[in-house]
Amino acid sequence: MIHEYHSNGKLLLTAEYLVLKGAEALALPLTKGQTLKAKPIEDNKIIWQSIYQDEPFLEAVFSTKNLNIVQTSNENQALYIQNLLKKAVEFVPALSRIPGYYFEAILDFPLKWGLGSSSSLITNIAKWLNINPFRLNRTLTNGSGYDIACALSESPILYNIIDKYPAYKEINLDFPFKEYLYFVYTGKKQNTFNEVKNFLEDPNDYSHLFPVIKEINRRMIHCQWLREFEETLWEHEQLIASVLDEEPIQEKAFQDYPGVVKSLGAWGGDFMLITWKESKEELKKYLDSHNMEIFFSWSELVKSR
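Residues numbered from 1 in each chain as written. Predicted model: local features only at pLDDT ≥ 70, side-chain atom pairs only at ≥ 80, totals over all residues. Heavy atoms only, no water.

**Student:** A description of the pairing of strand S2 (residues 25-40) should follow, citing residues and the corresponding values.
**Tutor:** Inspection of the sheet shows strand S1 (residues 3-12) paired to S2 by nine bridges, in the antiparallel sense. Paired with Glu4 across the two strands is Lys37, which belongs to S2. Bridging between S2 and strand S7 (residues 157-162) involves three bridges; their strand directions are antiparallel. Bridge pairing links Ala25 to Tyr159 in S7. Pairing between S2 and strand S6 (residues 101-107): seven bridges, direction antiparallel. Bridged to Ala38 within S6 is Phe103. (Pairing = 2+ DSSP bridges. Helix = DSSP H or I, 4+ residues; strand = E, 2+ residues; numbered from the N terminus.)

What follows is the structure, given as structure tokens:
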């Protein structure tokens, strides 16, 4: 019998970095995610395949006795799976070891896009073993856990950490102007682990900014006009720029852009949100001139009930 689990990808719209310190974040579960298929087998081994567009990008075999890697096509990726499985099994005392299984982890997006390949996999493994995905995540990363909340949610969420525990609620974010909103892949990949580590080592708690972020979130959620939305995006960019002592991406690389460009997640990589009032064809021409080819409309990428 094959058991199947699916979890969403994620994007962080507000409170990037500051969510690590306790600020309220507006986060987006995505229509793209990851599916895990688990099938018991008779052999004393775990056969693992990670797949994108019907092509395996990781093939590995682990022993059931101690989860040692027997063989693999990618050592680093296999070590990540090994560590994940070992940490997960520790949450199930009755399970002294994982029996023989064949796993397929099927991604809806390439690893390099940074849309939550790890968080969706962690959540799927937690679903398979019926354990708490936030607790499992905390054994593997120092991240805020917003990505795990996105993996589990059916619509955008407000998320923050209260007394070290995740707190989130789903909201309606059906902007009247969403046809003017796009997500663009920059072609760069940030090392989120290092970004998180560096920011957590910052001795400042930034709690004086939490009410400002919360108010920006409130205004953003209730925006009825594109111009109003753009103003809140720009205000947010300026605030995070002051925290990081960095230049916003629009000032750095898109000074000629007619709308607003906002970094998402770790600044300098992965995806950005842009506003665009002209046709999709004109947008493609503009992005081509900046050597960027991959983009999605809001409705294509953001999950909503």
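**Student:** Account for the packing of helix H1 (residues 75-89) against helix H2 (residues 117-129), naming residues and giving values.
**Tutor:** Remark: H1 packs on H2, axes separated minimally by 11 Å, with the N-to-C direction vectors making an angle of 35°. Remark: the crossing between H1 and H2 carries right-handed chirality. Within the contact between the two elements, H1 uses Tyr80, Ile81, Leu84, Leu85, Ala88 and Val89 and H2 uses Ser118, Leu121, Ile122, Ile125 and Leu129. (Axes fitted to C-alpha atoms, helices over the stretch in contact; angles between N-to-C directions. Left-handed = near helix turned anticlockwise from the far one by under 90°. Contact = heavy atoms within 4.5 Å.)

**Student:** Break down the sheet that holds strand S12 (residues 295-297) for me, citing the residues and quoting the values.
**Tutor:** Pairing is antiparallel across the open sheet formed by four strands, whose spatial order is S10-S11-S9-S12. Across the chains shown, the open sheet's two edge strands, defined by having one partner strand only, are strand S10 (261-263) and S12. The sheet shows a mean angle of 25° between the axes of neighbouring strands, taken without regard to direction. Helix H7 (residues 226-244) contacts strand S9 (181-185), S10 and strand S11 (271-275) of the sheet and is inclined by roughly 140° relative to S11. Packing against the sheet, helix H9 (residues 280-289) makes contact with S9, S11 and S12, and its axis sits at approximately 155° to S12.

**Student:** Give me the lowdown on the pattern of salt bridges, citing residues and values where you can.
**Tutor:** All chains considered together, the criterion is met by 14 salt bridges. Between Asp43 and Lys45 there is a salt bridge, with the nearest N and O atoms lying 3.9 Å from each other. Salt-bridge contacts for Lys280 lead to Glu300; the nearest nitrogen and oxygen are separated by 3.8 Å. In this pair, Lys280 sits in helix H9 while Glu300 sits in helix H10 (residues 298-301), placing the two residues 20 residues apart along the sequence. Judged by its relative accessible area of 37%, Lys280 falls in the partly exposed class. According to the relative accessible area criterion, Glu300 is partly exposed, its value standing at 39%. Through salt bridges with shared partners, a single network forms among Glu16, Glu237 and Lys262. (Salt bridge = Lys/Arg side-chain N within 4 Å of Asp/Glu carboxyl O. Buried < 20%, exposed > 50% of the residue type's maximum accessible area, 1.4 Å probe, protein only.)

**Student:** Describe in detail helix H6 (residues 210-221), supporting the description with residues and values.
**Tutor:** Residue pairs spaced three or four apart in an α-helix point in one direction, given the helix's 3.6 residues per turn. Helix length check: H6 (twelve residues) gives 16 Å between terminal C-alpha atoms against 16 Å at 1.5 Å per residue, within 8%. Every buried residue belonging to H6 is among Phe210, Ile213, Ile216, Asn217, Met220 and Ile221, and all of these are buried. An end-on view of H6 places all buried positions within 125° of arc, on one side of the element. (Expected span 1.5 Å × (residues − 1). Arc of directions from axis to C-beta.)

**Student:** Describe the packing of aromatic side chains, listing the residues and the values that go with them.
**Tutor:** Under the defined criterion, the tally for this structure stands at 20 aromatic pairs. Relative to Phe103, the ring of Tyr101 lies with its centre 5.4 Å away and its plane at 20°, an arrangement referred to as stacked. Relative to Trp128, the ring of Tyr101 lies with its centre 5.1 Å away and its plane at 80°, an arrangement referred to as edge-to-face. With Tyr101 in strand S6 and Trp128 in helix H2, the pair connects residues that are 27 residues apart, well separated along the chain. Just as Tyr101 is buried, Trp128 falls in that class too. An aromatic cluster of three or more residues is present, and its members are Phe175, Phe177, Phe183, Phe229 and Trp298. (Phe/Tyr/Trp six-rings, centres within 6.5 Å; stacked < 30°, edge-to-face > 60°.)

**Student:** Describe H2, listing the residues and the values that go with them.
**Tutor:** With 13 residues, H2 should reach 18 Å at 1.5 Å per residue; the first-to-last C-alpha distance of 19 Å fits that figure. Of all 13 residues in H2, eleven are buried, a share of seventy percent or more. When H2 is considered as a whole, its buried residues turn out to be Ser117, Ser119, Ser120, Leu121, Ile122, Thr123, Asn124, Ile125, Ala126, Trp128 and Leu129. Asn130 sits one or two positions beyond H2 and adopts a positive phi of about 60°.

**Student:** Could you give an account of the packing of H6 against H7, naming the residues involved and the relevant values?
**Tutor:** Running from N to C, H6 and H7 point in directions that differ by 160°, and their axes come no closer than 10 Å. What the angle tells us is that H6 and H7 run roughly antiparallel. Here the hand of the crossing between H6 and H7 comes out left-handed. Every residue of H7 that contacts H6 at Val212, Ile213, Ile216, Arg219 and Met220 is listed here: Phe229, Thr232, Leu233, Glu235, His236 and Leu239. When its residues are assigned to classes, the contact of H6 with H7 shows seven nonpolar, two polar and two charged. (Parallel < 35°, antiparallel > 145°, perpendicular 65-115°, else oblique. Nonpolar A, V, L, I, M, F, W, Y, C, P; charged D, E, K, R; others polar.)

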